[in-house]
Amino acid sequence: MRTRGRRRPGSSEQAHTRSAYRRVTTAIGLCATAAPWASAGYAAITLVSGLVPVLVAWMTKLLIDGLTHHAEIRTLLGPALGYVLAATVVGLGPLAARYLRGVVDREVGLLSQDRLFTAVGRHPGLGRLEQPAFLDRLRVAQEVGKTVAGQLADAALAAGKSLVTVAGFLVSLVALSPLMAVVVLVAGVPSLVAQLALSREQARAVFEVSRIERREDFYARLIATPTAAKEIRLFGIGDFLRARVLAERRAANAVTQSVDAHQTKVQSLLELLASLVSGAGLVWAVFAAHDGTLTVGGVTMFVAAVDGVQSSLGTLLIQLAASQRALLMFDHYLEVVEAEPDLPVAAEPVPLAPLCHAIELRDVWFRYSPDHDWVLRGLNLCIPCGQSLALVGLNGAGKSTLVKLLCRFYDPTHGTVLWDGVDLRDVDPAELRERISTLFQDFQHYDMTAAENIGLGDLRLLDERHQIEVAAGKAGLHEKLARLPQGYDTMLSRTFHHDSRSSEHRSGALLSGGEHQRLALARAFLREGRDLTILDEPSAGLDAASEHEIHRSITRHRAGRTSLLISHRLGAVRDADRIAVLGDGRVMEEGSHMELMRAGGEYARLFTLQADGYRQGHAEPAVPTHAVEAAADR
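Because the structure is a prediction, the values reported are computed rather than measured.

Visitor: Where do I start with the pairing of strand β6 (residues 436-439) in this structure?
Guide: Note on strand geometry: in a regular strand, side chains alternate between the two faces of the sheet. Side chains I436 and T438 of β6 all project onto a buried face; the interleaved residues S437 and L439 project onto the opposite face, where all are buried too. In this structure, β6 lies alongside strand β7 (residues 532-536), joined through four bridges in parallel fashion. If you follow T438 over to β7, its bridge partner there is I534.

Pasting the structure below:
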């Protein structure tokens, strides 16, 4: 038995080994890659503007001292022009910076979202998308990915700007009073500690609120979704769902309010400390001016320097805290972007030749996690090339799980799946799936045009209208689509307009559930010439006449092809070359329809029950649903 473990995915420990320096440089690198010139211009304006308050304070001091000492006008002209220049920078700088920041934000948002969804698409399997923890992290990553890189870069630049301002004012303070310079610096230490602690608390709150809001969004979408509206109104559960929405919103508000209350208390104490330091400095300056130690301009400069150092230190601490909070949030983004694939992908995949012999499952054991029961227990099955195999069994027998393994959305926990003797784990998943055409039981409906809904089955044929119409004809849907208001260009949705950017808003059309089933079948038919066709309950949503028509079409389509058909209507599988009955995670019996009927086993029992139900005139077999129907297992 061949056993392979899964590659260990990126874990939360990865965040702890990721240095703050690398996170910041990654964010700055995003900005530089997305908008290099705008980023450079924004950085230059931000850092230069840090010197402006110092320049204004010195120009003010020189002007006041010059005026009080009756200096000549030409002596005052320099400080006056310097003040005008600083004022011009103060007025125009923010405008230019805001424009450049907007450019950077838009481009970074585009690039970061592209990298995020590229990373999500890089996972060849379904494992991550069926993990609540990953979905919580993905939601946060989607929210912060658009802005957090820009916020990190902005916080770093703002911190640099504040450092420039603090350094300039500290030099001025040291020149006026070294002792007061030390006092102001020491007073900033409690603020640093408190702001960093608050930033960690805020980051934890943001993640917790995001998890709550994901549940809130689920209930809110149910209330506003047309497909759910029928049951909501019929069962009278609107108030119940609304209560769930409000409960989640209250929970999110409680988390936010708790953080806000704590933050208000801490920052109030910090503001009180800053006021005491400023007051003490002002008293010293008054006594120094009274003793003649400071000039009037010196007092002005001292007050401006103390205020400038405190405000700049406060801004610096806030930016450091914001940087830390952004770093913690950026980790969620990086966790998604840098996570290893959920399934191991061979560094040098084995080329996948066209199927010539068979697809085999050998001693396949599978469960979704160590906490789950085994779905498949030593299953052995062969799908010969050019033959049709039907798969039947009760609920939970493992039929849909088997489909996931054939498409390599998961790997067997033990055992192997072979394509002409080649282990699927050794081939490129994309190449494997290019050779498969599948209709899933839980097929997807896309809010797109009719042609696009079919064309998504093979993007190379998206603009080949004739082939799309042929596929629709095989699914018995061509005439219906051709009669739509805009034919195949009709939007199959009432949620979106055909083209939101156009002034002509044409309403879409809605298809029935059975028609959507045919649409999904047409997508599968469009993938003509694939080595393996998988049809999972292809007629589950159809009436008897449509079911008969579709199965005739399917029979013609799979003639001479390698195919796997799953259906709980046993009459639809009787013409398959081989029929396998699944039970307790393994193949209970296998053979042709006639062989299985002669054997008198489980297949014969179920077939007889269904046949008796139809002979008695019932639309469904006259047996308990759980014994006959085989809806999707996992």
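Next comes the rest of the description.
Visitor: What am I meant to see in helix α17 (residues 513-526) here?
Guide: Taking 1.5 Å of rise per residue, 14 residues should cover 20 Å, and α17 covers 20 Å from first to last C-alpha, within 8% of that figure. Burial runs high along α17: 13 of the 14 residues are buried.

Visitor: Would you mind showing me how to read the confidence of the model for the protein here?
Guide: In low-pLDDT regions, the fine details of the predicted coordinates are not to be read closely. Confidence in the prediction for the protein averages 77 pLDDT; 76% of positions are at 70 or higher. Across the protein, element-level confidence peaks in strand β4 (residues 414-419) with a mean pLDDT of 95 and bottoms out in helix α21 (residues 625-628) with 36. Below a pLDDT of 50 lies the segment residues 1-17, which in the model reaches 35 contacts outside its immediate sequence neighbourhood of four places, other chains included. Note that pLDDT drops below 50 for residues 617-634; the model gives that stretch 44 contacts with residues more than four away or on any other chain.

Visitor: Can you walk me through the layout of surface pockets in this structure?
Guide: Where empty space is left in the structure can be found by rolling a water-sized probe over the atoms. One number sums up the size of the largest pocket: a volume of about 910 Å³. Along the walls of the largest pocket sit 32 residues, with F409, T438, F440, Y446 and R523 positioned nearest its centre. Going through the elements one at a time, α12 (399-406), α13 (429-434), β6 and α17 are the ones with two or more residues in the lining of the largest pocket. Broken down by element, the residue count for the lining of the largest pocket peaks at four residues, all from β6. Considering only residue class, the lining of the largest pocket consists of 14 nonpolar, six polar and twelve charged.

Visitor: Can you help me understand the side chain of R518 in this one?
Guide: In this fold, R518 is placed in helix α17. There is a polar contact of 3.1 Å between the side chain of R518 and the backbone oxygen of G476.

Visitor: What exactly am I supposed to notice about helix α6 (residues 132-145) here?
Guide: Side chains that are three or four residues apart share a direction in an α-helix, a result of its 3.6 residues per turn. The first and last C-alpha atoms of α6 sit 19 Å apart over 14 residues, in line with the 20 Å expected at 1.5 Å per residue. Residues F134, D136, L138, R139, V140, A141, V144 and G145 constitute the buried set of α6.

Visitor: For this particular structure, what's the right way to read unusual backbone geometry?
Guide: Glycine aside, the phi torsion of most residues is negative, and most peptide linkages are trans. At D363, a position not held by glycine, the phi torsion is positive, near 45 degrees. Among the structural elements, D363 can be located in strand β1 (residues 358-366). Not every positive phi belongs to a glycine, and D420 is a case in point at roughly 50 degrees. Residue position: D420 is located in the loop between β4 and β5 (422-423). Given the relative accessible area of 25%, D420 is considered partly exposed.

Visitor: Can you help me understand a nonpolar patch on the surface in this one?
Guide: Together, Y446, M448, L456 and L459 make up an exposed nonpolar region whose accessible area comes to about 330 Å². One can find L456 in the loop between α14 (450-455) and α15 (465-474).

Visitor: What am I meant to see in the sheet that holds β5 here?
Guide: Where strands meet in a sheet, backbone hydrogen bonds hold them as pairs that are either parallel or antiparallel. Spatially, β2-β1-β4-β5 is the arrangement adopted by the four strands of the open sheet, whose pairing is antiparallel. If you trace the sheet from one side to the other, it starts and ends with β2 (376-384) and β5, each paired once. Here β4 runs beside β5; their pairing, made up of two bridges, is antiparallel. Across the sheet, residue W419 finds its bridge partner in β5, namely V422.

Visitor: Explain the sheet that holds strand β8 (residues 563-566) to me, please; I cannot follow it from the model alone.
Guide: Read from one edge to the other, the open sheet built from six strands follows the order β6-β7-β8-β3-β9-β10, with strand pairing classed as mixed. The sheet terminates laterally at β6 and β10 (586-591), the two strands that pair on one side only. For this sheet the average axis-to-axis angle between neighbouring strands, irrespective of direction, equals 20 degrees. Along the sheet, α12 makes contact with β3 (388-393), β6, β7, β8 and β9 (578-583), crossing β8 at roughly 155 degrees. Against the sheet, α17 touches β6 and β7, its axis set at about 175 degrees to β6.

Reading the values: rules and limits
- Going along each chain's sequence as written, the residues are numbered from 1 onward.
- Reporting of local features is limited, given that this is a predicted model, to residues whose pLDDT is at least 70; pairs of side-chain atoms are given and counted only at 80 or more, and all residues count toward the totals for whole chains, interfaces and linings.
- The basis for the side-chain values is all heavy atoms of the structure; hydrogens and waters are excluded.
- Residue exposure (1.4 Å probe, protein chains only): buried if accessible area is under 20% of the type maximum, exposed if over 50%, otherwise partly exposed.
- Strands here mean DSSP runs of E at least two residues long; helices mean DSSP runs of H or I at least four residues long; both are numbered from the N terminus.
- A strand pair is defined by DSSP finding two or more bridges across the two strands.
- Take the number of residues in a helix, subtract one, and multiply by 1.5 Å to get its expected span.
- pLDDT expresses how confident the predictor is about each individual residue, on a scale running from 0 to 100.
- Every residue pair with non-hydrogen atoms within 4.5 Å of one another is taken to be in contact.
- Here a cavity denotes grid points, spaced 1 Å and computed from the protein atoms alone, that fit a 1.4 Å probe unable to get out, and a pocket denotes an open set having protein on both sides within 12 Å along at least 5 of 7 lines; residues with an atom within 4 Å of a point are the lining.
- Grid points are joined across faces, edges and corners, and a volume is the space filled by probe spheres set on the points.
- Asp, Glu, Lys and Arg are counted as charged, while Ala, Val, Leu, Ile, Met, Phe, Trp, Tyr, Cys and Pro are counted as nonpolar; the rest, among them Gly, fall into the polar class.
- N or O atoms closer than or at 3.5 Å make up a polar contact, with two conditions inside protein: a donor-capable atom paired with an acceptor-capable one, and, for residues adjacent in sequence, both atoms drawn from side chains.
- Here, patches come from residues exposed beyond 30% relative accessible area and free of salt bridges, joined within 9 Å for like charges and within 5 Å for nonpolar side chains (Val, Leu, Ile, Met, Phe, Trp, Tyr).
- For accessible areas, the Shrake-Rupley method is used with a probe of radius 1.4 Å. Any residue's cover is judged against the shown protein chains and nothing else.
- Salt bridge criterion: a side-chain nitrogen from Lys or Arg within 4 Å of a carboxyl oxygen from Asp or Glu.
- Axis lines are fitted through C-alpha atoms, for helices just across the contact stretch, and the angle between N-to-C directions can take any value from 0 to 180 degrees.

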